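The residues making up each chain are set out below.
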Amino acid sequence: MRGILVAASFWLAASSTQTLASGLVPRNLGPMTGVTVTTDENYPAGTIVIVSKNRTLDLVVSGSHAIRYRIGVGRDGFRWSGVVKVGHKAEWPDWRPPAEMKARAPDLPELVPAGPLNPLGARGIYLYRGNADTLYRIHGTNDQSTVGGFASSGCFRMSNADVIDLYSRVKVGATVIVK
């Protein structure tokens, strides 16, 4: 048994070293894109307003002032709109691909543990409709090239630096308006 544990430990260490050496592990948290803007509409402080066509997420800080972040949004056929709430938040979340996603990509694992290779990145902000998880998230990413594009299956991607900042500012129960 001890030999198996030693061999497993050696394999994990070797595979981690190979992953690091391959350049797959992000070397930084990505850019901070948040800028203060004046908006056309007044929403209560703490409200998140996502405009998919512009690939922006605004966190209202007061009246018509917001912090605007650059985001990645759903690709064609995966964009949606509506009003939801922040139902849960997690630091370095695990990722379990939804059944619909696994049907499209059967090779996806059942679980991707937290860490630098997890597609949810550094933080996950879970979007709920009533008490039901929509399975959509505002999250970081380990693939910075997708931020600012139409690339996801309906989630909203941010640089890890931006999602860490947003996570610290947004409260569970906050309203999220997706346009």
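The sections below set out a description of the structure shown in this document. (Residues numbered from 1 in each chain as written. Predicted model: local features only at pLDDT ≥ 70, side-chain atom pairs only at ≥ 80, totals over all residues. Heavy atoms only, no water.)

With that settled, the discussion passes to the overall build of the protein chain. Per the secondary structure count, the protein chain includes three helices and 11 strands. Each helix and strand of the protein chain, ordered N terminal to C terminal, gives the series α-β-β-β-β-β-β-α-β-β-β-β-α-β. Sorting the 179 residues of the protein chain into buried and exposed places 42% on the buried side. In the protein chain, once contacts between residues fewer than 6 apart in sequence are set aside, the share between residues at least 24 apart is 62%. Here the protein chain has roughly 9800 Å² of accessible surface; of this, 58% comes from carbon and sulfur atoms. (Helix = DSSP H or I, 4+ residues; strand = E, 2+ residues; numbered from the N terminus. Buried < 20%, exposed > 50% of the residue type's maximum accessible area, 1.4 Å probe, protein only. Contact = heavy atoms within 4.5 Å. Areas by Shrake-Rupley, 256 points an atom, 1.4 Å probe, with all protein chains shown as cover.)

This part covers the pairing of strand β11 (residues 175-178). Here strand β2 (residues 48-51) runs beside β11; their pairing, made up of three bridges, is parallel. Bridge pairing in β11 places I48 opposite V176. (Pairing = 2+ DSSP bridges.)

Along a regular strand, successive side chains alternate from one face of the sheet to the other. Of all seven residues in strand β7 (residues 123-129), six are buried, a share of seventy percent or more. Judged from the six bridges that link them, strand β6 (residues 82-91) and β7 form a sheet pairing that is antiparallel. Along β7, the bridge assignment pairs A90 with G124. Relative to strand β8 (residues 132-139), β7 runs antiparallel, the two being bridged by five bridges. The residue bridging Y128 from the neighbouring strand is D133, located in β8. Once β7 ends, the chain turns through two residues before running back antiparallel as β8, passing G130 with a positive phi of about 65°.

A few words now on helix α3 (residues 160-169). Burial runs high along α3: seven of the 10 residues are buried. Of all the residues in α3, the buried ones are N160, A161, D162, V163, D165, L166 and Y167.

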